[in-house]
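Given next are the chains, with one letter for each unit.
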Amino acid sequence: MRASLLLSLPLGVTLWAGQAVAVECRDESYQGNRYSLCEVDASREEIRLFLRDDTGAVMGHFSTIQERLSAEGKTLSFATNAGMYHTDRSPVGLYLEDGDEEMRLVTNPGPGNFGLVPNGVFCLRDGRADVIETLAFEASATTCKSATQSGPMLVIDGALHPKFLQDSDSRYIRNGVGTSADGRRVVFAISRNTVNFYDFASLFRDHLGLPQALYFDGNISRLHAPDLDRSDAGFMMGPVVGVVEDIAGEDADALQN
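This write-up is about the structure you can find in this document. Just so we're clear, the structure is a prediction, and the values are computed from it rather than from any experiment. (Residues numbered from 1 in each chain as written. Predicted model: local features only at pLDDT ≥ 70, side-chain atom pairs only at ≥ 80, totals over all residues. Heavy atoms only, no water.)

With eight of its eleven residues buried, helix α4 (residues 197–207) lies for the most part within the structure. Considered for burial, the residues of α4 that qualify are Phe197, Asp199, Phe200, Ala201, Ser202, Leu203, Phe204 and His207. The opening residue of α4, the one whose side-chain oxygen lies 3.2 Å from the backbone nitrogen of Tyr198, is Asn196. Once α4 finishes, Gly209 follows within two positions and takes phi at roughly 70 degrees, a positive value. (Buried < 20%, exposed > 50% of the residue type's maximum accessible area, 1.4 Å probe, protein only. Helix = DSSP H or I, 4+ residues; strand = E, 2+ residues; numbered from the N terminus. Polar contact = N/O pair within 3.5 Å; in protein donor to acceptor, adjacent residues only side chain to side chain.)

This is the structure:
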């Protein structure tokens, strides 16, 4: 099913049912703003975080991650930046990849968007993915296979972040992720025009019907979405989240020759 057909589906229809693709991406408009959306069924697909290669060097680019996966007979069917980072590309908050923790959970308020509490954690577990508010995450002692902390939260238990202003003139390209209550439906979004926090959060709650959503970043936000013929280049990124699938048949054989 391609993007043109997806646009004709009613809101709330499950986009992955009965399909063999790892992720569905589409361009969509809501309340005068334009977005690219990529939707994943976490119970069926492999969502992974990426930061460093086997030598400890930051990968930082979609193309570098793709090269690493190709050597394993796999491909990156979707990716986007996944959390804030320092100038050396190290994570600002919690970063856990395949059980290895690089940075601890940060619970105190601070400067910038990350410190605009409540912020939250994107947590990957077997068969599900969840956005969890930071203090709730700490209190629950949730165990994640991989996790990245970012902020602010966009939607918390169905409510917009209390500090968002509907008429705010702080407008940027923004990206983030929302999750369903059962952890199965995961929607990644990036704006295609500048938006404020209120409008971006409303996309997840009111248009996509997701009770939890987390902001990843702003002007540096980039997207790799082959379905949309898009793979953004630019400065090196920190943490990246992506969907990985096996390269099938002849394509996999070609990589080994």
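Having seen the model, we can carry on.
On to the state of the cysteines. All chains considered together, the criterion is met by two disulfides. The residue that forms a disulfide with Cys25 is Cys38, at a sulfur-sulfur distance of 2.0 Å. One disulfide, between Cys25 and Cys38, carries an S-S torsion of 115 degrees and so falls in the right-handed class. Residue Cys25 is found in strand β1 (residues 24–30), and its partner Cys38 is found in strand β2 (residues 33–41); the two are separated by 13 residues along the sequence. In this pair, the class of Cys25 matches that of Cys38, namely buried. Here Cys123 connects covalently by a disulfide to Cys144, the sulfurs 2.2 Å from one another. (Disulfide = S-S within 2.5 Å.)

What follows covers the sheet that holds strand β15 (residues 223–225). Taken in spatial order, the five strands line up as β3-β17-β4-β15-β16 in an open sheet, and their pairing is antiparallel. Looking along the sheet, the strands with just one partner apiece sit at the ends: β3 (46–50) and β16 (230–231). Where strand β4 (residues 74–81) meets strand β17 (residues 240–246), seven bridges bridge the pair, whose relative direction is antiparallel. Bridge pairing links Leu76 to Val244 in β17. The sheet contacts of helix α2 (residues 62–70) involve β3, β4, β15, β16 and β17, and relative to β4 the element is tilted by about 155 degrees. (Pairing = 2+ DSSP bridges. Contact = heavy atoms within 4.5 Å. Axes fitted to C-alpha atoms, helices over the stretch in contact; angles between N-to-C directions.)

Okay, the sheet that holds strand β13 (residues 185–191) next. Across the sheet, which stays open at both edges, the seven strands sit in the order β1-β2-β13-β12-β14-β10-β11 with antiparallel pairing between neighbours. Each end of this open sheet is capped by a strand with a single partner; those strands are β1 and β11 (159–160). Where strand β12 (residues 175–179) and β13 come together, five bridges link them in antiparallel fashion. Note on β13: the bridge partner recorded for Gly176 is Ala189. Lying over the sheet, α4 contacts β1, β2, β10 (153–156), β11, β12, β13 and β14 (212–217), oriented at roughly 35 degrees with respect to β10.

What follows covers empty space enclosed by the protein. Inspection of the entire model under this criterion finds two cavities of 30 Å³ or more. In terms of lining residues, the second largest cavity is bounded by Ser36, Cys38, Phe78, Thr80, Gly176, Phe188, Ala189, Ile190 and Leu223. Going through the elements one at a time, β2, β4 and β13 are the ones with two or more residues in the lining of the second largest cavity. For the lining of the second largest cavity, the element with the highest residue contribution is β13, accounting for three residues. Its residues assigned to classes, the lining of the second largest cavity comprises six nonpolar, three polar and no charged. (1 Å grid on protein atoms, 1.4 Å probe; cavity = no way out; pocket = protein on both sides within 12 Å on 5 of 7 lines; lining within 4 Å. Points joined across faces, edges and corners; volume = space filled by probe spheres on them. Nonpolar A, V, L, I, M, F, W, Y, C, P; charged D, E, K, R; others polar.)

Right, let's get into α2. One full turn of an α-helix is made of 3.6 residues, so residues set three or four places apart face in the same direction. When α2 is considered as a whole, its buried residues turn out to be Phe62, Ile65, Gln66 and Leu69. Taken around the axis of α2, the buried residues stretch over an arc of 100 degrees, which confines them to a single face. Here the buried face of α2 lies against β3, β4, β15, β16 and β17. (Arc of directions from axis to C-beta.)

With six of six residues buried, β14 lies mostly within the body of the structure. Here β12 pairs with β14 via five bridges, running antiparallel. Paired with Gly178 across the two strands is Ala213, which belongs to β14.

Another aspect to go through is the pattern of salt bridges. Summed over all chains, the structure comprises 14 salt bridges. Salt-bridge contacts for Arg184 lead to Asp41; the nearest nitrogen and oxygen are separated by 2.8 Å. Residue Arg184 is located in the loop between β12 and β13, and its partner Asp41 is located in strand β2; the two are separated by 143 residues in the primary sequence. Residue Arg184 is classed as partly exposed on the basis of its relative accessible area, which comes to 34%. Asp41 sits in the buried class, given a relative accessible area of 2%. Note that Asp130 and Arg128 form a salt bridge whose closest N and O atoms lie 2.7 Å from each other. A residue is classified by how much of its surface remains accessible, and Asp130, at 6% relative accessible area, is buried. (Salt bridge = Lys/Arg side-chain N within 4 Å of Asp/Glu carboxyl O.)

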